Each structure stands twice: as structure tokens, then as C-alpha cells.
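Each chain is listed here by its residues.
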Amino acid sequence: MGVGIEVRGLNAWYGKNQSLNSIDMTVAANHVTAVIGPSGCGKSTYVRCLNRMHETIPEARAEGSVKVGEMDVYGSGSDPVEVRRRIGMVFQKPNPFPTMSIYDNVAAGLKLNGFRNRKQMDELVERSLKLAALWEEVKDSLHKKSGASLSGGQQQRLCIARALAVEPEVLLMDEPASALDPISTSKIEELIFQLKQHYTVVIVTHNMQQAARVAEFTGFFLMGSLIEYDKTEKIFTTPADKRTEDYITGRFG
Amino acid sequence: MSDSVDPMNPTEPLGQLPKPATAIPSMAQVSKERKTAASTVLQKIRTSHPRASRIPDSVFAVIILLSAISVFAIVVLVAWELIDKSRLSLHQFGIGFFYGHDWDPVAGSFGAMPFIYGTLVSSFLALLMAVPLSIGVAVYVTEMCPQRLRAIISFLVELLAAIPSVIYGLWGIFVLAPLLREYVEPFLARTLGWTGLFTGPMYGLGMLAAGIIMAIMVVPVIASITREVMTAVPQNQREAVLALGATRWEMIRMGVLRNARIGIVGGVILGLGRALGETMAVTMVIGNRPEIAKSLFAPGYTMASVIANEFTEATGDLYLSALVEIGLALFIVTLIVNALARLLVWSITGGTARVRA
Ligand SMILES: Nc1ncnc2c1ncn2[C@@H]1O[C@H](COP(=O)(O)OP(=O)(O)OP(=O)(O)O)[C@@H](O)[C@H]1O
Ligand SMILES: [Mg+2]
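Residues take numbers from 1 onward in each chain, read along the sequence in its written order. Note on labels: chains are lettered from A, ligands numbered from 1, in written order. Local features in a predicted model are, by the rule used here, given only for residues with pLDDT of at least 70; side-chain atom pairs are given and counted only at 80 or more, and totals for whole chains, interfaces and linings are based on all residues. To get the side-chain values, all heavy atoms of the structure are used, and hydrogens and water are removed first.

A. Structural context of the overall build of chain A. Only DSSP runs of H or I reaching four residues or more are called helices, and only runs of E reaching two or more are called strands; each is numbered from the N terminus. If you tally the helices and strands in chain A, you get 10 helices and 10 strands. Expected size for 253 residues packed as a compact globule is a radius of gyration near 18 Å; at 18 Å, chain A falls within 12% of this value. Principal-axis analysis of the C-alpha atoms gives chain A an extent of 55 × 45 × 30 Å. In chain A, the proportion of contacts linking residues at least 24 apart, taken out of those at least 6 apart, comes to 67%. Each charge class in chain A can be summarised by its mean position, and for the 30 positive and 30 negative side chains these summaries are 4 Å apart. When we talk radius of gyration, it's over C-alpha atoms, and the globule rule is simply 2.2 Å times the number of residues to the 0.38. Contacts are assigned to residue pairs with any non-hydrogen atoms lying within 4.5 Å of each other. In this tally, Asp and Glu contribute negative charge and Lys and Arg positive charge; neither His nor the terminal groups of the chain are included. Think of each charge as sitting on NZ of Lys, CZ of Arg, CG of Asp or CD of Glu.

Here it is, written out as C-alpha cells:
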């Protein structure tokens, strides 16, 4: 089951440049929330702060409060490794492990977490691949093919399966379909729609139709600030802020 | 707003977009004259007979083929020369030369085994120490150390490669050997003496010293190549592992070393090549006694060392010919070791999967 996310006063920096200004956002459990905004407005930075990936960049740091379910992500006792295990992430460019088979790609996270039971692992791998709508295409070559031998769209679904295998509570997706063709994109969108039964999904997208199709809530970012955050419908039909309106009507961006 | 520092896709071509924007004003300053000059040049190119001034593909193919053949020819020539010059000894001892244990120039009996053994064992010993050390250095430099230290360590490691091997030899005699004799060898004898590898008189000079000296000499080779291939592993592989909830070490193992392993094996092969052929430093510290002893404290001899040491004083044609045949043996051993290393690479990659992410 997914859990909700509460972000309060989140600031982020790259060296001396502040790229997020005091973000407050409450993400509903078991829903899809989209993050939109022009290039460079801090969307990626924002989702990377949610699972503490941001701080893996040299000189980058974040401050503020992020609560994912009961977990205090930036609390003093919090362990980034544990945070990242419980909050899965899918990146813009598919990044499967090229030297591993399809099976090992999906099982990678399980193995990292000390999972040894072969039979259960088989089941989890199958379940994750099915959830990611990739099972039918790869079930005959699980051990024969490498992760890199798949097509771009398949690779991205493999990455989703890999993230799902460790059973995260939240799934963060940073433009998961931006490198894909329309058919693969619609498969991924379909998948995101299915996923919200089990997970809380936060998706960054450049594509406003995509946000409108998959997300119940949408947040609009501009220059490191959250300008407006509401039901997707509201954002796209009657935005409260002029800047949001300008953006979604394509007057700038 | 620039996208050039997007952490998710550092290699995204978008990163180059801002450039033309700043280049445009300067372009505007290009004078009209220049433009017309350029267009007349273009005109000329278009109207000239393109075939006449260009190298046809067939010529290019022949040149490339020739250079490929020349490599092959050099190998064959070297082999032929070695066989030709060792004819006398080949006749006298036949194939038995390669496994003969005797090396007695006075009595006129020659066998290459002690040298083959010495070369292989000292090189293997060197790799045993150098490989973990080099990978450690490379991992530290690429993944863990502060930016400023990085350049310094890389420089020092590369400096190691530039030191002449005579200096290593001297260092081996005056620093390493006493150290081994006084402290290391007694300690090894006490703790690991039961293995039989660390027994007998402790001279300091011997197989162990040769292994250590060579290890120091091949570390820069392996470390710099390993560092190179590790840097080439895309950042998104590291992020993929981290995002699954991996510790730093797991990230390095799964996201970096695993992807870089073929390149690392390549570096080890190059290092091994250097170790097999290393002459000067080894000659100075290995003890130069053509014996096969189990203990690593004992002195030994390598193929390269015996050729260097005895070539000038070789009296008699058979002696000389035997030394050339040692050279032939070294040549063959090198070939075999390299072939085995290739096989290793193939078995790792399963013959297909190439690292390309
Ligand atoms: N690794 C980095 N080092 C320094 N500054 C960075 C880095 N990554 C991003 N920034 C800066 O932080 C700001 C926000 O970047 P971010 O990548 O979050 O934008 P984004 O909204 O995801 O853009 P896009 O839609 O193009 O992916 C930008 O101004 C960018 O220049
Ligand atoms: Mg981004």
C-alpha cells in the first residue's frame, strides 16, 4: 500500500545556487501526482529531494521536512539507504544494468537487501515484470538476454519493474516516457494508472496531456517555487494563478 | 535557463544548446566579402572533378590492409628469427629443453624450466598483490576522494610508471630487501610457515622481493586503466543502484566495477605483459639462481633476467643458442598467457554482451 507524503519548507541548493525555495506540498496516498513546469524550474531537484538522491551530487544539499508515511526522511536518525529502498525511483533515461540478465536486473534490489530465497525471488520477479507490463515480452528470455538488449520502451518498463521489485511505498518517476515513442509512452501511462492501486506515484513530466491523462493532482513549479498545486482538472481548466495559466496555454515555457 | 547541468542526464546533447546563442553576434560581424569569397570557393569545389583529388576507397583499403599485415609480419619475423638463431639448441635438446631443469653452461646442459617457473611465479605474485591494490586506488580516486586530492594521487600513481626500473632495482636492494629480511620474512615464516611457501633461509633477495618490486611497477598500469574505465561508466548506472537502496560500497561493486570489469581485465593483461617482460629490477632482486623452490624466500631466476645477464658472457655457440631459445620460450609463454586472458574475457562476457550503457 502506498503512503502519503508531507513536504514542509523544503529548500535545496547546488553549491551556492538555491534551486528550491521553501516548497510545501501534501501528496495523497495511492494517487498519482504530476509535477510540471518549464525546463530548469527544479522538478527533478524536487523529486530527488524526496528520496535523498539529491545529496549524492557533490556540493548539493537540502533542508526542510519531508515525511513519507511515518518516515521522517530528513530526520536526524534517518538513513538515506533505507529511505531510498522504501521510495523507488525511475529515471528519465532508461538505465538497466547492461551486464545483467533481465532476471538479474529485476532481482538486483532484492539481492542488495539480502534476499536469498530463490523461489520467492522468482515469484517477485515475475510479479514485478507483470506489474510493469513486460512479462509477456520477456518471459522466454529472462536469463538469456541482457538488460541492454531490450528496446528503449522495454528498458524503461524493466527499470520500473526493478524499482517495484523491492516493494517501495512510493514511486518517483522523472519524465519516464520522454525518451520513448508514442506506443511505449501510452503503455507506460497505462501502467502508471494501474500502479496507483498499490503505490503513491509522483511523476515529473513535460507533457501536459500526459499530466492530464494520468494524474489526479498537479503541481506547477516555476523557478524553484511551487506556484500552484491542486486537482489536475482545476489546474488545467481554471488555474488560480496567472503564471500557471500562461504556462498551460503555452504562452511561455 | 540552461539545461547543461541537469543531474539526470549529464550527457544530454541539450547541454550544448546555449553555445550558438553567444556565437551568433560574432558571426554577424563576418564581412560580406568573406561570404562571397566562401561562395566562390564553394563554386570551385562543386565544379572541380571530385574524383581527381580524392583518394579512392580502394587505395585506402590497401593502405589499411598493409598496416594490418605489417603487424602480423613483425610477429612472424620475430618468431622466425628466434627459431633460426636457436636452431643449434633446438637440435641438441629437442622439446625437452622447455621442461629440462638443468642449467649448467660449463657442462653444456641447458633446460628452461627454472626460468619459465621463475617468470610465471614472480609475475603471478606481482599480480596477486597489484590487482587488489590498483583497484583500490582506482576506486578511491574515482569514487571517494575529494576533488583536490584526486589530481595529486593520479599524478603520483602515474609518476610511479615513469621511474626507470634500475631505480626500482636499487630501491629493492637497499630498502626492500633489508626490510624483508629483518621483519617481513621472519613474520611470514612464523605465521604462514606451515604452508611451505615461507620457509628456509631469509636473504631478503628472492622470489618474494621480485614479486613485490614488480607489483609496485605494474600498479600504475592497472590502476590508471581501471580508473579510466571506471570514469567511463555512466553516472546513471551509479544512480540506478543507489536508488534501489544500496550502500556506497554496493553501488561501487554493482554499478561501477561490474560494468567496468572487461576494461579492468584488459588493464590486468597489460600489467601482466609488463611483469612478464620486466628485466632490470627483477634481475637485481630475484637472486639469479636457476632453481625451482617451493619457498618464496628462495632465490630464483626469470627468462628475461638470464638473457640479460648471460648474453654478453655466453661462450660457445650452443650456450648462445640456448639463450635465444629462452627468448623463444618467453615469446611463447607471453602468447599463451595472452590467449588465456582473452579466453577469460570471453567467459566473463559470455561471448556476447558488451558493456555499453
Ligand atoms: N548538478 C547540478 N549542479 C548545479 N546546478 C544544477 C544541477 N542540476 C540542476 N541544477 C540547476 O538547478 C535548477 C533546477 O534544475 P532541475 O534539473 O531540477 O530542473 P528541471 O525542472 O528538472 O528541468 P528539466 O525539465 O529540463 O529536466 C536549474 O537551474 C539547474 O541549472
Ligand atoms: Mg529534469
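B. Main features of a nonpolar patch on the surface. Residues and elements named next belong to chain B. In this scheme, patches are assembled from residues that exceed 30% relative accessible area and form no salt bridge. Like charges are connected within 9 Å, while nonpolar side chains (Val, Leu, Ile, Met, Phe, Trp, Tyr) are connected within 5 Å. Under the convention used here, a 1.4 Å probe and the Shrake-Rupley method define accessible areas, while residue burial counts only the protein chains that appear. In what follows, salt bridge is the name for a side-chain nitrogen of Lys or Arg lying within 4 Å of a carboxyl oxygen of Asp or Glu. Taken together, the side chains of Tyr140, Met144, Leu149, Ile152, Phe155, Leu156 and Leu159 present a nonpolar region at the surface, about 650 Å² in accessible area. Sorting the residues of the nonpolar patch by element identifies α7 (113-144) and α8 (147-162) as the ones contributing at least two each. With five residues, the single largest contributor to the nonpolar patch is α8. Take Tyr140: it is sitting in helix α7.

C. Broad picture of the side chain of Asn51(A). All names here are of chain A. Looking at the secondary structure, you find Asn51 in the loop between α1 (43-50) and β4 (60-68). Relative accessible area serves as the criterion here: at 0%, Asn51 is assigned to the buried category. Among residues more than four places away in sequence, those in contact with Asn51 are Val83, Arg84, Ile87, Met89 and Leu172. Summary of the burial criterion: residues with accessible area below 20% of their type's maximum are buried, those above 50% are exposed, and those between are partly exposed, where the area comes from a 1.4 Å probe applied to protein chains only.

D. Broad picture of the layout of surface pockets. Residue and element names in this part refer to chain B. The way it works is a 1 Å grid over only the protein atoms, where trapped points that fit a 1.4 Å probe form a cavity and open points with protein on both sides within 12 Å along at least five of seven lines form a pocket, and then any residue with an atom within 4 Å of a point lines it. Grid points are joined across faces, edges and corners, and a volume is the space filled by probe spheres set on the points. Within this model, the second largest pocket holds a volume of roughly 320 Å³. As for the second largest pocket, its lining consists of 16 residues, and the residues nearest its centre are Phe124, Leu127, Val268, Leu272 and Val337. Here the lining of the second largest pocket gets six residues from one element, more than from any other, and that element is helix α12 (residues 248-277).

E. Region of interest: the interface of chain B and chain A. Across the contact, 28 residues belong to chain B and 30 residues belong to chain A. Throughout, the accessible surface (probe 1.4 Å) given up by two parts as they are put together, summed over both, is called the buried area. Of the roughly 2600 Å² buried at the junction of chain B and chain A (both faces included), carbon and sulfur atoms supply 62%. Where chain B meets chain A, there are one salt bridge. Between Arg48(A) and Glu239(B) there is a salt bridge, with its nearest N and O atoms 2.8 Å apart. Listed by contribution, the elements that provide at least two residues to the side of chain B that touches chain A are α11 (235-243) and α12 of chain B. Top contributing element to the side of chain B that touches chain A by residue count: α11(B), with seven residues. Residues are grouped as follows: nonpolar covers Ala, Val, Leu, Ile, Met, Phe, Trp, Tyr, Cys and Pro; charged covers Asp, Glu, Lys and Arg; every other residue, Gly included, is treated as polar. Taken together, the residues of the side of chain B that touches chain A sort by class into 12 nonpolar, seven polar and nine charged.

F. Here's a closer look at the pattern of salt bridges. Residues and elements named next belong to chain A. Taken as a whole and judged by the stated rule, the model has 25 salt bridges over all chains. The salt bridge partner of Arg213 is Glu189, with a shortest N-O separation of 2.6 Å. Within this pair, whereas Arg213 is found in helix α8 (residues 208-214), its partner Glu189 is found in helix α7 (residues 182-195), the two being separated by 24 residues in sequence. The exposure class assigned to Glu189 is buried, which follows from its relative accessible area of 8%.

G. The packing of α7(B) against helix α15 (residues 317-349) of chain B, seen in detail. Residues and elements named next belong to chain B. The interhelical angle for the contact between α7 and α15, taken along N-to-C directions, is 40°, at an axis separation of 11 Å. In terms of orientation, α7 lies oblique with respect to α15. In terms of crossing hand, the pair formed by α7 and α15 is right-handed. Contacts between α7 and α15 involve Phe115, Ile116, Thr119 and Leu120 on the former and, on the latter, Ile326, Ala329, Leu330, Val333 and Val337. Looking at the contact of α7 with α15 residue by residue, the classes come out as eight nonpolar, one polar and no charged. To get an axis, a line is fitted to the C-alpha atoms, and for a helix only the part in contact is used. The angle between two axes follows their N-to-C directions and goes from 0 to 180 degrees. Any angle that is under 35 degrees is reported as roughly parallel, and any over 145 degrees as roughly antiparallel; angles of 65 to 115 degrees are reported as roughly perpendicular and all others as oblique. Here is the rule for handedness: rotate from the far helix to the near one, and if that takes an anticlockwise turn smaller than a right angle the crossing is left-handed, while a clockwise turn gives right-handed.

H. Region of interest: the packing of aromatic side chains. Two aromatic rings from Phe, Tyr or Trp, using only the six-membered ring of Trp, form a pair when their centres are within 6.5 Å; if the ring planes differ by under 30 degrees the pair is stacked, by over 60 it is edge-to-face, and anything between is tilted. All told, the structure shown has 12 aromatic pairs over all chains when counted by the stated rule. Ring geometry for Phe217(A) against Tyr229(A): centres 6.4 Å apart, planes inclined by 45°, an arrangement best described as tilted. Within this pair, whereas Phe217(A) is found in strand β9 (residues 217-222), its partner Tyr229(A) is found in strand β10 (residues 225-231), the two being separated by 12 residues in sequence. Overall, Tyr229(A) belongs to the partly exposed group, its relative accessible area being 23%. Ring geometry for Trp103(B) and Phe115(B): centres 4.9 Å apart, planes at 80°, overall edge-to-face.

I. Structural view of empty space enclosed by the protein. Tallying each qualifying case throughout the model produces two cavities of 30 Å³ or more. Roughly 70 Å³ of volume is contained in the largest cavity. In this structure, the largest cavity is lined by Arg84(A), Arg85(A), Gly88(A), Met89(A), Phe91(A), Cys159(A), Arg162(A), Ala163(A), Val166(A), Ala240(B), Ala243(B) and Leu244(B). Of all the secondary-structure elements, those providing two or more residues to the lining of the largest cavity are α2 (80-86), β6 (87-90) and α6 (152-165) of chain A together with α11 of chain B. The element that contributes the greatest number of residues to the lining of the largest cavity is α6(A), accounting for three residues. A breakdown of the residues in the lining of the largest cavity according to their chemical character gives eight nonpolar, one polar and three charged.

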